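# Fold and geometry: a report
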Amino acid sequence: MLGLCGAQGAGKSTVAAALRDRLTADDVRVAILSLDDLYLGTAARDRLARDVHPLLRTRGVPLTHDVAQGIAVIDAIRAGHAVALPRFDKARDEPEPVECWPMAPPAIDLLIFEGWCVGARAQSPAALVQPVNALEREQDAGGDWRRAVNIALANEYAALFGRIDRLVLLAAPGFEVVARWRAEQEETLRRRLAAAARPIDGLMDDAAITRFVAHYERLTRWILEEMPDRADLVLHLDAMRRLSE
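## Focus: the sheet that holds strand E7 (residues 110–115)
- With parallel pairing, five strands are arranged side by side in an open sheet as E2-E7-E1-E8-E9. Looking at the sheet topology across the chains shown, the edges are occupied by strand E2 (30–34) and strand E9 (233–236). Across the sheet, the mean angle separating the axes of adjacent strands is 20° when strand polarity is ignored.
- Bridging between strand E1 (residues 2–6) and strand E8 (residues 166–171) involves five bridges; their strand directions are parallel. Of the residues in E8, the one forming a bridge with glycine 3 is leucine 167.

## Notes on the pattern of salt bridges
- This structure, assessed with the given rule, holds 20 salt bridges.
- Across the pair arginine 87 and aspartate 37 runs a salt bridge whose closest N-O atoms are separated by 3.4 Å. Here aspartate 37 lies in the loop between E2 and helix H2 (42–51) and arginine 87 lies in the loop between strand E3 (83–84) and strand E4 (88–89), a separation of 50 residues in the sequence.
- When its relative accessible area of 13% is taken as the criterion, aspartate 37 is described as buried.
- As a salt-bridge pair, aspartate 165 and arginine 78 come within 3.2 Å of each other at their nearest N and O atoms. Note that aspartate 165 is positioned in the loop between helix H6 (156–161) and E8 and arginine 78 in helix H3 (residues 67–78), a separation of 87 residues in sequence.
- Residue classification places aspartate 165 among the partly exposed residues on the basis of a relative accessible area of 40%.

## A closer look at the packing of aromatic side chains
- One pass over the structure, following the stated rule, counts five aromatic pairs.
- Geometrically, the ring pair formed by tyrosine 39 and phenylalanine 88 is edge-to-face, given 5.5 Å between the ring centres and 70° between the ring planes. With tyrosine 39 in the loop between E2 and H2 and phenylalanine 88 in strand E4, the pair connects residues that are 49 residues apart, well separated along the chain.
- The buried category is assigned to tyrosine 39, whose relative accessible area is 4%.
- Relative to tyrosine 216, the ring of tryptophan 116 has its centre 4.5 Å away and its plane inclined at 65°; by these criteria the two rings are edge-to-face. Note that tryptophan 116 is positioned in the loop between E7 and helix H4 (134–139) and tyrosine 216 in the loop between helix H8 (206–214) and helix H9 (217–226), a separation of 100 residues in sequence. We note that tryptophan 116, like tyrosine 216, is buried.

About the thresholds
Positions within a chain are numbered from 1, following the residues in the order the chain's sequence is written. Only residues with pLDDT of 70 or above have their local features reported here, since the model is predicted, and side-chain atom pairs are shown and tallied only from 80 upward, although totals for entire chains, interfaces and linings are computed over all residues. With hydrogens and water stripped out, all remaining heavy atoms of the structure feed into the side-chain values. In this description, strands pair whenever DSSP reports at least two bridges between them. Here a strand is any run of E in DSSP of at least two residues, a helix any run of H or I of at least four, and the numbering for each starts at the N terminus. For helices, the fitted line uses only the C-alpha atoms of the stretch in contact; every axis is such a line through C-alpha atoms, and the angle between N-to-C directions lies from 0 to 180 degrees. Take a side-chain nitrogen of Lys or Arg and a carboxyl oxygen of Asp or Glu: if they are within 4 Å of each other, that pair is a salt bridge. In this scheme, a residue with accessible area under 20% of its type's maximum is buried, one over 50% is exposed, and one in between is partly exposed, where area comes from a 1.4 Å probe on protein chains only. In summary, the pairing rule links any two rings of Phe, Tyr or Trp, Trp by its six-membered ring, whose centres are within 6.5 Å, and it sorts them by plane angle into stacked for under 30 degrees, edge-to-face for over 60 and tilted for everything else.

Functional significance is not addressed by these values, which are geometric in nature.
Right, here's the structure in full:
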């Protein structure tokens, strides 16, 4: 199981697909699971917003994924079974119906597990005290949201990420590029939906993207600080997603 971590828009899906295609040509059986496809739907996140913290209504950080589902899928693949791979529709902000999920064949050789915080570790309690941006300062003044996220990272997400055998980090040059990268992703999705004559009402404008990626800032900065010392491979990217070293 190969974990592939990188900030939003870093190119994780592109790299995962290219690696799958290259290995498949050499008769290696490969499947891809995205952390994004484990997102909870809006009803489940509304419950989190009510019971834990309002910021959990927005998908992204730990606690907003179906970790149990991810573990079940990974363990079934490890056991050699054919298994349906979850899919999430970001335009609708809801999981795809189960009947639309693709099947991973039995007895695959490699599972690529990609996602923006795949392999992330919890921070120390002291690191949570100071807010990293206006979102945390204004909407999580007491730190309840970031503490809840951190506890999840130390527990159920540690169990999920503990199944990774090798970890690769696509290291952005800094958090400052993430909003632009995310906007480029949104534009690509917009064009894809338009070509398929699907509704695009759920897509974000620039202001919404700026607020959205603020939810990811703390962990993105922490990953870029902490993960390079323990990842099996670090690929440093420049602002144009080119290898910089």
